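Coordinates in review
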Amino acid sequence: MSKVEIVGPKGLLQNVLSILQESGVFQVEPSSIGFIERADERYIRSFMPDERSLSERLFLEDMRTKIDELFSYLPQISVRISYIEPVSIIDIVARTIDKHITACKDMHQKRNALQNELDEFNRYAAFLDTLESLMEGVGQAPDIDFIGLSIKNRDLVEHLKQSLTLLAGEGFELLTATAADGTTIGLIIVQKNLSERIKNLLSDEHIPELSFPPALNGLTFSEKIKYLRGSILRLSSEVEALESEIERFSRRWKPVYQRVKEWINYRLSIVKAAASVFETRMCFFIYGWLPSEELGEIREKLAGAFGGQVVLEEKEICEEDLERVPVALKNPSYFKPFELFTRLLPLPRYTSIDPTPLIGIFFPIFFGMILGDAGYGLILILFSSFIKKRFKAGKNIQDAARILFISAVYSVFFGVLYGEFFGELGQVLFGLEPVCIERRTAIVPMLYFTVSLGVFHITLGHFLGLMASIRKKAGREALFRFLNIVVILCVTAIVITLSGVFPALIARPIIIVILVLTPILLFTGGLLAPFELLKNIGNIISYARIMAIGLTSVLLAFVANRFAGMAGNIVIGVIVAGLLHLLNIITGVFAPTIHSLRLHYVEFFSKFMEHGGRRFEPMRKEI
């Protein structure tokens, strides 16, 4: 990252900011610390926008607010892209937008009111349709009344019949049916002189009578149904007409307003950037950060556009700047997807190390060692390929699919080494034999191997931390990390001598070396140095989880195949084995991912990575 200063005449400021924004690689630094010397502070001051700039900002912000309000009344539909030049029509838009907001707001409110009324009528119509089915074959008479009910509990029907019998004797009839939404609808047919008493009974029993809008009062059930159906047709037609009108407006005008809004955002971003600029009476000064590889191209753009009137100068990055230098992750295409894992943590500081390539190397290896089944790996390869083709728009999903693909390839590789294809099914079907080790029986060798891998990984982490300390010229810290490496190797050598690989005679001098180094560790690392050493040993032992979780996976595959053989029916056996293998594959994706990341985040990164980086956020053009 390069620290740069851009200087030019004040009249060219807006044009310079436009070019920087179009490039998308320059981050403005709003602070003058590290750029302006004390002697220059009398002449260089923060940029003071003139009255015209303030008026433009207020006008554009007001216009953007109005466009957002207009969009809130328009439907979310796909519209064409407008290529009209916003500058040429901004005055016309300013004169017409208030009229459009008023018109669209009225249509939107009217449409909502009609839709609410339509929804209410549809709800009543559902009840009346059920009642209509009950009334088929029931004669109409002037002295007969009909009372509609909504019965929540079907068990209340018998109780209601008994209560009505006590009140009206045989002078009533109760019909029930189930509505489309599952509600029980009842219809009481009774003499009009008993109608009021029955309604009081219903009120006492807390059984609600169907209530309808005032417009339906005084109508018979048949008339109510007819009225509702006519109203529903009328309201549906009016709602459809309004929606069509709003959609026509949206297709005609929304592309224009979208284009204008994008241009407004672009202009406001330049105005915002101008607030971070500094000036003298005649010149402007823009301070900021630029990727070093882009320095030459931006300098050529400015020189070509302004003929040498605007100068870009690279400044020296001082020690006090290191806290403020922005960080941008840049990796080769193979490692690029693994930035997904790096972004889960706070960014590394500028003086630290980007851990993405390291996690790109070791994560798939750990994943493959844990899953370690060629059959499972092939299924995950197919699944990740499907995800890549199915979700092309989502960057994070694409990165996750690529990581899964690479990890699945390693699973196939280790599956061949272990001789595993859906457990021992590969041995049964086509004689697949382990190339180097069979995990199900070689538990102790796998434990030795994974712990040895932990020694290498933790030692590498301390070595990277040592290099970082040397770059920072932190001698005491560098010595502490170097001593940690030496002690880890010494402890490892002692453990190996106990297993009989090394002669036992070398154990005593190694112990003496550790005792001699311990006071120096206390001097360089403080009183917590012994705890750091114990932490290192614990971190190394933690790598045994690779063996343990992998053993769980292979045993579950073995059990699945055994259950299939014990089923006594080939179809049932295949189904049982398939379900267990599917469970194992799902577990075999999440468990290796979680534990491999833990080994990196907790055990490995803590040895060299310093968090607290400032994210690189360059100016970008949105249109």
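Please read these numbers as outputs of a predicted model, since none were measured by experiment.

Remarks on the overall build of the chain
Along the backbone of the chain there are 18 helices and 11 strands. By residue count, 45% of the 623 residues in the chain fall in the buried class. In the chain, the share of contacts with a sequence separation of at least 24, taken over all contacts with a separation of at least 6, comes to 80%. Here the chain displays about 33100 Å² of accessible surface, and carbon together with sulfur accounts for 61% of that area.

A closer look at empty space enclosed by the protein
Within the structure shown, the criterion is met by two cavities of 30 Å³ or more. When its volume is computed, the largest cavity comes out at roughly 70 Å³. Taken together, Tyr418, Gly419, Glu420, Gly423, Glu424, Gln427, Glu438, Arg439, Arg440, Val554 and Phe558 make up the full set of residues lining the largest cavity. Along the lines of polarity and charge, the residues of the lining of the largest cavity split into three nonpolar, three polar and five charged. The space that makes up the second largest cavity amounts to roughly 40 Å³.

Focus on the environment of Asn116
Relative to the assigned elements, Asn116 resides in helix α3 (residues 86-135). Residues Asn116 and Leu235, spaced 119 residues apart in sequence, show a C-alpha to C-alpha distance of 9.9 Å.

Overview of the environment of Pro346
Mapping Pro346 onto the fold places it in the loop between α8 (339-342) and α9 (356-371). For Pro346, a relative accessible area of 48% corresponds to the partly exposed category. For the pair Pro346 and Gly613, spaced 267 residues apart in sequence, the C-alpha to C-alpha distance is 7.1 Å. Dropping the residues within four chain positions of it, Pro346 is found in contact with Met609 and His611.

Observations concerning helix α14 (residues 475-498)
Compared with the 34 Å implied by 1.5 Å per residue over 24 residues, the 35 Å span of α14 between its first and last C-alpha is a close match. Those residues of α14 that sit buried are Ala478, Phe480, Arg481, Leu483, Asn484, Ile485, Val487, Ile488, Cys490, Ala493, Ile494 and Thr497.

Digging into the packing of aromatic side chains
Here the structure, examined in full by the defined rule, presents 19 aromatic pairs. Where Tyr334 meets Phe338, the ring centres are 6.3 Å apart and the plane angle is 40°; that geometry is what we call tilted. By relative accessible area, which is 36% here, Tyr334 ends up partly exposed. Phe338 sits in the buried class, given a relative accessible area of 0%. Here the aromatic rings of Phe604 and Phe608 are separated by 5.1 Å at their centres, their planes lie at 65°, and the arrangement is edge-to-face. The buried category is assigned to Phe604, whose relative accessible area is 0%. Under the relative-accessibility criterion, Phe608 is labelled buried at 3%.

What to know about the side chain of Ser411
The topology assignment puts Ser411 in helix α11 (residues 395-418). Classification of Ser411 as buried rests on a relative accessible area of 0%. Apart from the residues within four sequence positions on either side, Ser411 is in contact with Phe367, Gly368, Leu371, Gly372, Asp373, Ala374 and Gly377.

Here we look at the nonpolar core
By size, the foremost hydrophobic cluster in this structure holds 57 residues, and its most contacted members are Ile6, Val16, Phe26, Phe284, Ile286 and Leu302. With residues near it in sequence (within four places) discarded, Leu302 still touches Ile6, Val16, Ile19, Gly307, Val310 and Leu312. Ile359, Phe362, Ile585 and Phe608 belong to the second-largest nonpolar core, a separate cluster that totals 51 residues.

Brief notes about a nonpolar patch on the surface
Together, Leu528, Phe531, Leu534, Ile537 and Ile541 line one region of the surface with nonpolar side chains, adding up to about 540 Å² of accessible area. Considering the arrangement of structural elements, one finds Phe531 in helix α16 (residues 529-541).

Describing helix α17 (residues 545-566)
The end-to-end C-alpha separation of α17 is 31 Å, in line with the 32 Å expected for 22 residues at 1.5 Å each. Taken as a whole, α17 has its buried residues at Ile546, Met547, Ile549, Gly550, Leu551, Ser553, Val554, Ala557, Phe558, Ala560 and Asn561. Along its buried surface, α17 packs onto α9, α10 (374-390), α12 (425-430), α13 (443-472) and α18 (570-604).

A closer look at the confidence of the model for the chain
Looking at the chain as a whole, the pLDDT averages 80, with 87% of positions reaching at least 70. When pLDDT is averaged over each element of the chain, α9 comes out on top at 92 and strand β3 (residues 45-46) at the bottom at 62.

A closer look at the packing of α17 against α18
Direction vectors running N to C along α17 and α18 enclose 175°, while the axes themselves pass 8 Å from each other. Between α17 and α18, the angle is such that the two are roughly antiparallel. Across the interface between the two elements, Arg545, Ile546, Ile549, Ser553, Leu556, Ala557, Ala560, Asn561, Phe563 and Ala564 of α17 pack against Gly573, Val576, Ala577, Leu580, His581, Asn584, Ala591, His595, Arg598 and Leu599 of α18. Considered class by class, the residues forming the contact of α17 with α18 number 12 nonpolar, six polar and two charged.

Parameters and conventions
- Residues numbered from 1 in each chain as written.
- Predicted model: local features only at pLDDT ≥ 70, side-chain atom pairs only at ≥ 80, totals over all residues.
- Heavy atoms only, no water.
- Helix = DSSP H or I, 4+ residues; strand = E, 2+ residues; numbered from the N terminus.
- Buried < 20%, exposed > 50% of the residue type's maximum accessible area, 1.4 Å probe, protein only.
- Contact = heavy atoms within 4.5 Å.
- Areas by Shrake-Rupley, 256 points an atom, 1.4 Å probe, with all protein chains shown as cover.
- 1 Å grid on protein atoms, 1.4 Å probe; cavity = no way out; pocket = protein on both sides within 12 Å on 5 of 7 lines; lining within 4 Å.
- Points joined across faces, edges and corners; volume = space filled by probe spheres on them.
- Nonpolar A, V, L, I, M, F, W, Y, C, P; charged D, E, K, R; others polar.
- Expected span 1.5 Å × (residues − 1).
- Phe/Tyr/Trp six-rings, centres within 6.5 Å; stacked < 30°, edge-to-face > 60°.
- Core = buried A, V, L, I, M, F, W, Y, C linked by side-chain atoms within 4.5 Å.
- Patch = residues over 30% accessible without salt bridge, like charges linked within 9 Å, V, L, I, M, F, W, Y side chains within 5 Å.
- Salt bridge = Lys/Arg side-chain N within 4 Å of Asp/Glu carboxyl O.
- pLDDT = per-residue confidence, 0-100.
- Axes fitted to C-alpha atoms, helices over the stretch in contact; angles between N-to-C directions.
- Parallel < 35°, antiparallel > 145°, perpendicular 65-115°, else oblique.

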